[in-house]
Amino acid sequence: MNDLRYAVFLFPSALTELGAALDPYLQDGPGGRHVLCSEIDSGGALFEMKVHGLNEQGGVLELELMVPVGMVKLVIAVQQDARFGFVRKPKSLAAAGEAPAATPSEVSLPAAPVD
């Protein structure tokens, strides 16, 4: 299994339009609600996202979600063993206009899907 995942953020209007149909696939994170995918394909009119879940018997289930490309706001590639999120600058660096390098302990990661 590839360690690369994709956090797909949709426009607020898309979240409203898709409503309850999309809710089971959304995760909350520091950047907002998003879909964490194992694969994406943006090559057509529909943006395709592969996600993993569990069926009633606890077996792994691979689902493919498709939404119009215009609903996608942002896609972030995430390494599964790395951290994803946002970091606050220390005040001393922020005042100097310098950005510190983020370390894994400084950022937060949404829960990974079941493989």
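Calculation rules
- Residues numbered from 1 in each chain as written.
- Predicted model: local features only at pLDDT ≥ 70, side-chain atom pairs only at ≥ 80, totals over all residues.
- Heavy atoms only, no water.
- pLDDT = per-residue confidence, 0-100.
- Contact = heavy atoms within 4.5 Å.
- Core = buried A, V, L, I, M, F, W, Y, C linked by side-chain atoms within 4.5 Å.
- Buried < 20%, exposed > 50% of the residue type's maximum accessible area, 1.4 Å probe, protein only.
- Helix = DSSP H or I, 4+ residues; strand = E, 2+ residues; numbered from the N terminus.
- Salt bridge = Lys/Arg side-chain N within 4 Å of Asp/Glu carboxyl O.
- Pairing = 2+ DSSP bridges.

## Observations concerning the confidence of the model for the protein chain
Here is step 1: Within the protein chain, residue pLDDT values average 78, and 67% of them lie at 70 or more.
Here is step 2: In this model residues 99-112 is a low-confidence stretch, pLDDT under 50, and it forms 31 contacts with partners more than four residues away in sequence or in other chains.

## Some points on the nonpolar core
Here is step 1: In terms of nonpolar packing, the biggest core is built from 15 residues, with Val8, Leu10, Val35, Cys37, Met49 and Val67 touching the most fellow members.
Here is step 2: Listed by contribution, the elements that provide at least two residues to this core are β1 (4-10), β3 (34-37), β5 (46-54) and β6 (60-68).
Here is step 3: Beyond its immediate stretch of four places on either side in the chain, Val67 contacts Leu10, Leu18, Ala45, Leu46, Phe47, Met49 and Val72.

## So, the pattern of salt bridges
Here is step 1: All chains considered together, the criterion is met by three salt bridges.
Here is step 2: A salt bridge links Asp23 to Arg33; the shortest N-O distance between them is 3.7 Å. On the criterion of sequence distance, the pair formed by Asp23 in the loop between α1 (12-18) and β2 (26-27) and Arg33 in the loop between β2 and β3 is long-range, its members being ten residues apart.
Here is step 3: The exposure class assigned to Asp23 is partly exposed, which follows from its relative accessible area of 40%.
Here is step 4: What makes Arg33 partly exposed here is its relative accessible area of 36%.
Here is step 5: Between Glu39 and Lys50 there is a salt bridge whose closest N-O contact spans 3.8 Å.

## Observations regarding the pairing of β5
Here is step 1: Strand direction decides the pairing type here: strand β4 (residues 39-41) and β5, joined by three bridges, are antiparallel. What sits directly across from Asp41, in β5, is Glu48.
Here is step 2: Here β4 hands over to β5 after four residues, the two strands then running antiparallel side by side.
Here is step 3: When β5 meets β6, the two strands line up antiparallel, connected through nine bridges. Note on β6: the bridge partner recorded for Leu46 is Pro68.
Here is step 4: Connecting β5 to the next strand, β6, in antiparallel fashion are five residues, including Gly58 with a positive phi near 90°.

## Digging into the sheet that holds strand β7 (residues 72-79)
Backbone-to-backbone hydrogen bonds join strands into a sheet, with any given pair of strands oriented parallel or antiparallel.
Here is step 1: Taken together, the four strands give an open sheet; going across it, the order is β2-β3-β1-β7, and neighbouring strands pair in antiparallel fashion. Edge positions in the open sheet fall to β2 and β7, since each of these has one partner strand only.

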